[in-house]
Amino acid sequence: DPERESPDLYLGIDCSGSMGNPRVQLSYPVLAGVIMCLSALRAGASAMACLSGEPGEFSETGGFVRSEKELLRILTGYHGTGYSYGAGRLDDTFIKKPARDKDTHLLIITDSDIFHMLDQYPDGWLVAEMALEIARGGGTMVLNIPSRDYYKDPIARLEAMGWRIHTIASWEDLVAFARAFSRET
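This is a predicted model, so every value here is computed, not measured.

(A) Region of interest: the side chain of Thr104. If you trace the backbone, Thr104 turns up in strand β4 (residues 104-111). Excluding its chain neighbours within four sequence positions, the residues that come into contact with Thr104 are Pro7, Asp8, Leu9, Tyr10, Phe64, Phe94, Ala135, Arg136, Gly137 and Gly138.

What follows is the structure, encoded as structure tokens:
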């Protein structure tokens, strides 16, 4: 619909030691990330991609870009450090910088280790809440977890902030999620 302006996309992908290296095996988080970033570009939005394995390393595009090449360069990287997507990436991008003019949807692909990260990072839960408010375009966290029931308290905490939580049973399920997310968002 040409009347509808798509929000920009911030895509954060867990690139910790538990995640597969896309250079040597099929990485469903990367495949899903490519689908969502290219869909955002086709809809006229800008995107920012960040791979994060923290504590340890991260890499990201130079802000929000419209360059397919730059997005793919980041998405096909690999760190294999740390244990989770880092809450500091949201802090640095949304809280410590001036607010962006355009609404941005936050999309984080990770696993249950994000809950430990939010506990360990200084004011991690507050960072998750503030980043969502500052971005103004909503937020989705895709969690590869065996059972939503086991993590019901931290999931409820994120949902109370306004995060949409989507759980998957295996990384392969991300491709179907990416298609649906791209159409909806």
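(B) Structural view of the nonpolar core. Judged by nonpolar contacts, the single largest core of 30 residues is most densely connected at Leu9, Leu11, Met36, Leu75, Leu107, Ile109 and Leu174. Elements that contribute at least two residues to this core include exactly β1 (8-14), α1 (28-42), β2 (47-53), α2 (68-75), β4 and α7 (174-184). By size, the runner-up hydrophobic cluster in this structure holds 29 residues, among which are Ile114, Phe115, Trp125 and Leu143.

(C) Focus on the sheet that holds strand β5 (residues 136-144). As summarised here, the arrangement of the 6 strands in space is β3-β2-β1-β4-β5-β6, forming an open sheet in which the pairing is mixed. Here the strands that pair on one side only, and so sit at the sheet edges, are β3 (57-60) and β6 (163-168). Mean inter-strand twist for the sheet, computed between neighbouring axes without regard to direction, equals 15°. Judged from the 6 bridges that link them, β1 and β2 form a sheet pairing that is parallel. Each residue of the ladder has a partner; that of Ile13, found in β2, is Leu51. Docked against the sheet, helix α6 (residues 152-161) engages β5 and β6, running at close to 145° with respect to β6.

Rules behind the numbers
- Residues numbered from 1 in each chain as written.
- Predicted model: local features only at pLDDT ≥ 70, side-chain atom pairs only at ≥ 80, totals over all residues.
- Heavy atoms only, no water.
- Helix = DSSP H or I, 4+ residues; strand = E, 2+ residues; numbered from the N terminus.
- Contact = heavy atoms within 4.5 Å.
- Core = buried A, V, L, I, M, F, W, Y, C linked by side-chain atoms within 4.5 Å.
- Buried < 20%, exposed > 50% of the residue type's maximum accessible area, 1.4 Å probe, protein only.
- Pairing = 2+ DSSP bridges.
- Axes fitted to C-alpha atoms, helices over the stretch in contact; angles between N-to-C directions.

Treat this as a map of the structure, not an account of what it does.
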